Amino acid sequence: HNSPKPAVDIYANGVKIIDDFQFRTATPYLELPADLAIKIGVAPATSTSAAQAIANFDLTLEGDSSYQVFANGIVGDPDTPFELSIFKGAKQTSGNAQAAVLVHHGAPTIGPVKVSNADLNYATILPTFDYKEFAGYLALPAAKYTIALSEAGTNEPNVIYEVDASALSGKAITLFASGLDFDNPDPSVHFGLFGVTPEGQVIRFSTRVKVQIIHNAPEPEVDIYVNGAKALDNLKFRTATPYILLPGGTDLSIAIA
C-alpha cells in the first residue's frame, strides 16, 4: 500500500482479502486465481461490502507467475490518480549468494530521479528513473550501500540513504520510493526510501546528511566521536573536514576528546 494516508479494504471478486490495509504496509505473497478475470475493489477501511469500493481494477494473472502490485497515486487527484503498478516476475529468493534487488519509483509528486552510489563517488546506477517505473532485479553482494537520489539531470543529491543489505544473501527485496515532495514537512507522508521483503515486512531506511566540521577552538587537537565511534582523528585548530555523511533524522551523541 503506497498511496499516501488512506487505510483501505481490498476485495477480490467481491470477497474481502485484506482488512484495514495501512499506508506503507505490505502483505506476504497471497494466492489468487490464475488465468481468470479478477475484479479488485479498493474500499474505505470501514467498508462492509465490495459495493462500497472507491476504485475497481480488472486483472488477469498468468499461471506459474508471481507478481508485485503497488497501490500508488493520490485518491481524487487527476494529475496523479490512484492506480495499480504491477510487476510480473517477482522473486522471493535470489537463487545465489547475492541479494536480488528490485527498485520501484512510487512517489507521485516527484518526477524523474537519478540513482547513484555515494560509496563510489556518486557513480550513476540509474540515470533516469520515473514515477511508476520498475528497475528489473539487480544482483548485488549482501553488504551496506549508500544510495543518493537526485533530480534527473542534476548531480547534487536531494536525499541520501544507507541501505543495509548485509543480511540479504540469497534473499530478494524490493526498494521503493514513497511519499510526497522531498521537503514535505508532514511526517506521515514525508518522502522516504523503503524495502519490502517477501514476508511482507516493510523496512524504512535511514537517511544520511552531509556535514562539514571546522575546528575553531584555539589550541587543542581533538578526536571526535559520533554515537561512541571515532569519526575524526587528530583534528587540528583551524582545519576542517570535507563534507562527510552522518545519520539524519535521529539523535546523535557527539563527543570531543
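Counting starts from 1 at the beginning of each chain's written sequence and moves along it residue by residue. Reporting of local features is limited, given that this is a predicted model, to residues whose pLDDT is at least 70; pairs of side-chain atoms are given and counted only at 80 or more, and all residues count toward the totals for whole chains, interfaces and linings. In computing side-chain values, all of the structure's heavy atoms are included and hydrogens and water are not.

> Sorry, what's going on with the nonpolar core here?
Nonpolar side chains in soluble globular proteins generally cluster together in the buried interior. With 25 residues, the main nonpolar core has Val115, Phe129, Leu149, Tyr161, Phe191 and Phe205 as its most contacted residues. Put simply, DSSP marks the helices as runs of H or I at least four residues long and the strands as runs of E at least two long, and each gets a number from the N terminus on. Elements with a minimum of two residues in this core: strand S7 (99–105), strand S8 (113–117), strand S9 (123–129), strand S11 (144–151), strand S12 (159–164) and strand S13 (172–178). Contacts were defined at the residue level, with two residues in contact if any of their heavy atoms lie within 4.5 Å. Non-local contacts of Phe205, meaning those with residues more than four positions away in its chain, are made with Tyr161, Glu162, Val163, Asp164, Ile173, Leu175, Leu193, Phe194 and Gly195. In this description, a nonpolar core means a group of buried Ala, Val, Leu, Ile, Met, Phe, Trp, Tyr and Cys residues linked to one another through side-chain atoms lying within 4.5 Å. We call a residue buried when its accessible area falls under 20% of the maximum for its residue type, exposed when it is over 50%, and partly exposed in between, using a 1.4 Å probe and counting protein chains only. Residues Ile38, Val42, Phe57 and Tyr67 belong to the second largest nonpolar core, which totals 15 residues.

> Which parts of the structure should I look at to understand the pairing of strand S2 (residues 15–21)?
In regular strands, side chains alternate between the two faces of the sheet. Between any two strands, at least two bridges found by DSSP are needed for them to pair. Pairing between strand S1 (residues 8–12) and S2: four bridges, direction antiparallel. Paired with Val8 across the bridge in S2 is Phe21. If you look at the hairpin formed by S1 and S2, you'll find two residues sitting between the two strands, and Asn13 has a positive phi there, around 50°.

> When you look at the side chain of His215 in this model, what are you seeing that I'm missing?
Relative to the helices and strands, His215 resides in strand S17 (residues 214–215). As used in this structure description, the phrase polar contact means that two N or O atoms lie within 3.5 Å; if the pair is within protein, one of them must be able to donate a hydrogen and the other to accept it, and residues adjacent in sequence are counted only when both atoms belong to side chains. There is a polar contact of 3.4 Å between the side chain of His215 and the backbone nitrogen of Ala217. A polar atom in the side chain of His215 sits 2.5 Å from the backbone oxygen of Pro220. The contacts of His215, once residues within four sequence positions are left out, are Pro220, Glu221, Val222, Leu235, Lys236, Phe237, Arg238 and Thr239.

Purely geometric stuff here, so don't read any function into it on its own.
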